[in-house]
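Examination of the molecular architecture
What follows is the residue order along each chain.
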Amino acid sequence: RLQREIETIRADKSRPAPSAAMTSPAPDSASAPGVDANIDLQTAILDEARSFLAAGGEKAKARSDVEVLDLASGDFLVRIAAPDLFGAGEAKVSPELRASVDRLGELIVKSGRRLRIEGHADYDDSEAISRKASTYPNTWELSAARAAALAQYWMRKFDLEPTKIESAAYGKYRPLEKKVGRPSQANRRIEVVILRVQ
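Small disclaimer: the values here were computed from a predicted structure and weren't measured. (Residues numbered from 1 in each chain as written. Predicted model: local features only at pLDDT ≥ 70, side-chain atom pairs only at ≥ 80, totals over all residues. Heavy atoms only, no water.)

1. Considering the overall build of the protein chain
We apply this condition: Where helices and strands are cited, they refer to DSSP runs of H or I of at least four residues and of E of at least two residues respectively, numbered from the N terminus. Each residue is placed in one exposure class: buried if its accessible area under a 1.4 Å probe, protein chains only, is under 20% of its type's maximum, exposed if it is over 50%, and partly exposed if it falls in between. Here a residue-residue contact requires only that any non-hydrogen atoms of the pair lie within 4.5 Å. Surface accessibility in these figures is a Shrake-Rupley result with a 1.4 Å probe; residues are shielded only by whichever protein chains are displayed.
If you tally the helices and strands in the protein chain, you get six helices and five strands. Along the chain direction, N to C, the helices and strands of the protein chain fall in the order α-α-α-β-β-α-β-α-α-β-β. Per-residue burial for the protein chain yields a buried fraction of 42% across its 198 residues. Taking as baseline every contact in the protein chain between residues at least 6 positions apart, the subset at least 24 positions apart corresponds to 75%. Of the roughly 11,200 Å² of accessible surface on the protein chain, 54% is carried by carbon and sulfur atoms.

2. Remarks on the pairing of strand 5 (residues 190–194)
Heads up, the rule is: Note on pairing: two strands pair once DSSP finds at least 2 bridges between them.
Among the five residues that make up strand 5, five are buried, leaving the element largely enclosed by the rest of the structure. Strand direction decides the pairing type here: strand 2 (residues 76–80) and strand 5, joined by five bridges, are antiparallel. Counted as the bridge partner of Phe 76 is Ile 194 from strand 5.

3. Structural notes on the pattern of salt bridges
Selection criterion: Here, a salt bridge means any side-chain nitrogen of Lys or Arg that lies within 4 Å of a carboxyl oxygen of Asp or Glu.
Overall, the coordinates contain 13 salt bridges when judged by the stated rule. Measuring nitrogen to oxygen at the nearest pair gives 3.2 Å for the salt bridge that ties Arg 79 to Glu 67. Linking Arg 79 in strand 2 with Glu 67 in strand 1 (residues 66–70), this pair joins segments that are twelve residues apart in sequence. When sorted by exposure, Arg 79 lands in the same class as Glu 67, which is buried. Where salt bridges share partners, they join Glu 67, Arg 79, Lys 179, Arg 182, Arg 189 and Glu 191 into one cluster.

4. Here we look at the packing of helix 4 (residues 95–110) against helix 6 (residues 139–158)
Condition: The angle between two axes is taken between their N-to-C directions and runs from 0 to 180 degrees, where each axis is a line fitted to C-alpha atoms and a helix contributes only its stretch in contact. Comment on the angle field: the value is read as roughly parallel under 35 degrees, roughly antiparallel over 145, roughly perpendicular from 65 to 115, and oblique elsewhere. Left-handed describes a crossing whose near helix is turned anticlockwise from the far helix by less than a right angle; the clockwise case is right-handed. Ten residue types, Ala, Val, Leu, Ile, Met, Phe, Trp, Tyr, Cys and Pro, are classed as nonpolar, four, Asp, Glu, Lys and Arg, as charged, and the remainder, Gly among them, as polar.
The interhelical angle for the contact between helix 4 and helix 6, taken along N-to-C directions, is 70°, at an axis separation of 11 Å. With respect to helix 6, the axis of helix 4 lies roughly perpendicular. For the crossing formed where helix 4 meets helix 6, the hand is right-handed. On helix 6, the residues touching Arg 98, Val 101, Asp 102, Gly 105, Glu 106, Ile 108 and Val 109 of helix 4 are Leu 150, Tyr 153, Trp 154, Lys 157 and Phe 158. Of the residues in the contact of helix 4 with helix 6, the class split is seven nonpolar, one polar and four charged.

5. Remarks on the confidence of the model for the protein chain
Here is the rule: Confidence per residue, as judged by the predictor, is encoded in pLDDT with a range of 0 to 100.
Model confidence for the protein chain is summarised by a mean pLDDT of 77, while 71% of its residues fall at 70 or above. Per-element confidence in the protein chain ranges from a low mean pLDDT of 49 for helix 1 (residues 2–14) to a high of 96 for helix 5 (residues 123–130). Overall, residues 11–32 carries pLDDT values under 50, and its contacts beyond four positions in sequence, including any with other chains, amount to four contacts.

6. Digging into helix 4
Going by this rule: In this analysis, the expected span of each helix is defined as 1.5 Å times one less than the number of residues it contains.
The terminal C-alpha atoms of helix 4 lie 23 Å apart, and with 16 residues this matches the ideal 22 Å at 1.5 Å per residue to within 8%. Within helix 4 the residues assigned to the buried category are Leu 97, Ser 100, Val 101, Asp 102, Leu 104, Gly 105, Ile 108 and Val 109. The first or second residue beyond helix 4 is Gly 112, which carries a positive phi of 75°.

7. Examining the packing of aromatic side chains
Where two aromatic rings form a pair, the distance of their centres and the angle of their planes describe that pair. Test applied: Each Phe, Tyr or Trp ring (for Trp, its six-membered ring) is paired with any other whose centre lies within 6.5 Å, and the angle between the two planes then decides the class: stacked below 30 degrees, edge-to-face above 60, tilted in between. Whether a charge sits over a ring comes down to the Lys NZ or Arg CZ being within 6 Å of the ring centre and within 35 degrees of the ring normal.
Tallying each qualifying case throughout the model produces one aromatic pair. A cation over an aromatic ring shows up here: Arg 98 above the ring of Tyr 153, its NZ or CZ 5.0 Å from the ring centre. In this structure, Arg 146 packs its charged tip against the face of Phe 86, placed 4.5 Å from the ring centre.

Written out as structure tokens, the structure is:
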């Protein structure tokens, strides 16, 4: 769906401009390169996500691991919502998905854009915490640890400047919309907001 939207945006940009009577005030010239950079980066991330999902075989292709979503602000969001991204009550990315997270991280970091990494938790995390099977006292702190752990990992691995990264935590309070094929464990996820070109 997003790929179709990207193609539509590109097609709209290639059409001749309407007459002066029909145009709204021209945006400043600096915004056009930002739009192009956004579209190109979104396309590259989608291609990379498809590539590593295809390499993972049928099991990987059956999951909705990565989504790229436009935000109204001009930023866009990369959602990594694999059911096995984190163990219940844990903040470390599972070894099975580390290579995929690395490949996405490398692409995102190469953009030079500022990032906000957002951590989320789910019902299984709450259960692990209530059974004392987690070292975290609540899903707020768990989701904060997830976001901070990924931020620090990418900073070390890709020499990312700390001034270009921030983190946020939402606990279990922002679950994804229920849809066919999306397991509840997908709420145990990371979302990376790639901030627009200033």
